[in-house]
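# Descriptive analysis of the structure
The residues making up each chain are set out below.
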Amino acid sequence: MDEARLVYLDHAATTPVCSTVLEAMMPFFQKSFGNPSSLYPLAADSRRAIENARSQVAEVLNCRSSEVVFNSGGTESDNSAIRGVAQALRARGNHIITSSIEHYAVLNVCHSLEKDGFNVTYLPVDGFGLINPSDVSRAVTERTILVSIMYANNEIGTVERIKEVSMLLRERADYLGYAIPFHTDAVQAAGFLDLDVQELGVDLLSLSAHKFYGPKGCGVLYIRTGTPYEPTQFGGSQEQGRRAGTENTAGIVGTATALHLAAEQRQSVSEHCLRLRDTLIQGILARLHGTKLNGHPTLRLPNNAHFVFEGVDGEALIMGLALRGIAASTGSACSAGSLGPSHVLEAIGLDRELTWGNLRLSLGRDSSSEDVHQLLDAVEQLVHGQRAEENDFPVPTGSPLASC
Ligand code: PLP
């Protein structure tokens, strides 16, 4: 296949490293390769670059540099945020609140903590994937030591009301006499939503560089000063003792450069994606009956469109698109290949039968209206084709399953 012709509509899975980021990283592979913990000038270059990167990230998050911890990505950030706080506060309580639609990087660490004697409340969501902030507050008990609610969902793109949750948690804290640390997984939010941790009122926040045109295997965990936290990885005293291991200098520089660029371009990229996304959503719903848009109609990421198609096999649809030079996903890339239906689609109450026919399209900076039109034509043909093979598929009723 001619690579130049690839229509890439899977930016929620990953993004390419942009050239400015790559250029910023290059000196740290060969020229300034020193271990930042060593004492000679070569090492000082790396150390300085890491501390500059930390200030750049802190500027975007509106926090202190000392509150920024670099690590290996979103999965590590989520794991260490949850396990780190749970371990530090174990003597105070063993109850954690999260939602039923979190990424597996949150859900599976919660499941593992349950085996260690913690109790976890998995809050339900409504049909749009929205968590009710009052449900979070109501779930708090005197044993609660952590709340973890994602900022934006990686499958259906719904944006959660994080600020409302943090305000309600603060009220509960006033009543209880102690604060309950609040973590948010902002992996899908970066580049599209405001990451100001003071505005959001969060104590911990996870980021992953490869979602915003930075390198893979690099991430950030914001930890507010004073948040009880125990490291989950042991070794040297890097990252002020919060994350052991020789720093990935090039990756850290790449992460900070990418985040800085993403923040600078947030407004224009969001507007660009929003325009394309709305054309895409309207096009799909108008062309294909028996189709439902998942996620919230307005509280959603500007680059996400997620559908289910009645009488369609999502994986076959993805393969058909791939043969036409279009990259897209069914649900999240991380769960591709798993046997069960998406836990997010189950949580929003979709019929199990319908969950198989899903398609996630996620736009990016370089997506174009040609990409969208190519996609629309291809999906229309493929869905009609699959349905024609399924002779018993109902004749068009003129009313889509739902057209939010
Ligand atoms: N959290 C969310 C919401 C994600 O979408 C992802 C990746 O898709 C992760 C966490 C894991 O991030 P990483 O791929 O950097 O481990």
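Before any of the text, the structure's been laid out above.
A word on the packing of aromatic side chains. Inspection of the entire model under this criterion finds one aromatic pair. Positioned above the aromatic ring of Tyr 213, the side-chain terminus of Arg 365 is 3.8 Å from the ring centre.

All chains considered together, the criterion is met by zero disulfides. Cys 18 carries a free sulfur, and the closest cysteine sulfur to it, the one in Cys 218, is 14 Å from it.

Glancing now at the site of the ligand. In the vicinity of the ligand lie 14 residues, with Thr 75, Asp 185, Gln 188, Ser 208 and Lys 211 positioned nearest. Contact between the ligand and Gly 74: an oxygen atom at 2.8 Å from a main-chain N or O atom of the residue. Side-chain polar atom of Gln 188 to an oxygen atom of the ligand: 2.8 Å apart, as the coordinates give it. Burial of the ligand by the protein amounts to 89% of the accessible area it has alone, namely 390 Å². The element contributing the most residues to the shell around the ligand is helix H3 (residues 74-88), with three residues. When grouped by side-chain class, the residues that make up the shell around the ligand number three nonpolar, eight polar and three charged.

Attention now goes to the packing of helix H10 (residues 314-323) against helix H13 (residues 369-389). As a packed pair, H10 and H13 sit with axes 10 Å apart at the nearest point and diverge in direction by 135 degrees. In this view, H10 runs oblique relative to H13, as classed from their interaxial angle. At the point where H10 passes H13, the crossing takes the right-handed sense. The segment H10 lies against H13, with Ala 316, Leu 317, Gly 320 and Leu 321 engaging Leu 375, Ala 378, Val 379, Leu 382, Val 383 and Gln 386. Of the residues contributing to the contact of H10 with H13, the split by class is eight nonpolar, two polar and no charged.

Attention now goes to empty space enclosed by the protein. For the structure on display, the rule yields three cavities of 30 Å³ or more. Of the pockets and cavities examined, the largest cavity occupies roughly 170 Å³. Considering only residue class, the lining of the largest cavity consists of nine nonpolar, seven polar and two charged. When residues are assigned to domains, the lining of the largest cavity turns out to be shared by domain 1 (7-15 + 265-390) and domain 2 (19-264), each giving three or more.

Definitions and cut-offs
Residues numbered from 1 in each chain as written. Predicted model: local features only at pLDDT ≥ 70, side-chain atom pairs only at ≥ 80, totals over all residues. Heavy atoms only, no water. Phe/Tyr/Trp six-rings, centres within 6.5 Å; stacked < 30°, edge-to-face > 60°. Lys NZ or Arg CZ within 6 Å of the ring centre and 35° of its normal. Disulfide = S-S within 2.5 Å. Near = heavy atom within 4 Å. Polar contact = N/O pair within 3.5 Å; in protein donor to acceptor, adjacent residues only side chain to side chain. Areas by Shrake-Rupley, 256 points an atom, 1.4 Å probe, with all protein chains shown as cover. Helix = DSSP H or I, 4+ residues; strand = E, 2+ residues; numbered from the N terminus. Nonpolar A, V, L, I, M, F, W, Y, C, P; charged D, E, K, R; others polar. Axes fitted to C-alpha atoms, helices over the stretch in contact; angles between N-to-C directions. Parallel < 35°, antiparallel > 145°, perpendicular 65-115°, else oblique. Left-handed = near helix turned anticlockwise from the far one by under 90°. Contact = heavy atoms within 4.5 Å. 1 Å grid on protein atoms, 1.4 Å probe; cavity = no way out; pocket = protein on both sides within 12 Å on 5 of 7 lines; lining within 4 Å. Points joined across faces, edges and corners; volume = space filled by probe spheres on them. Domains from an automatic or database assignment.

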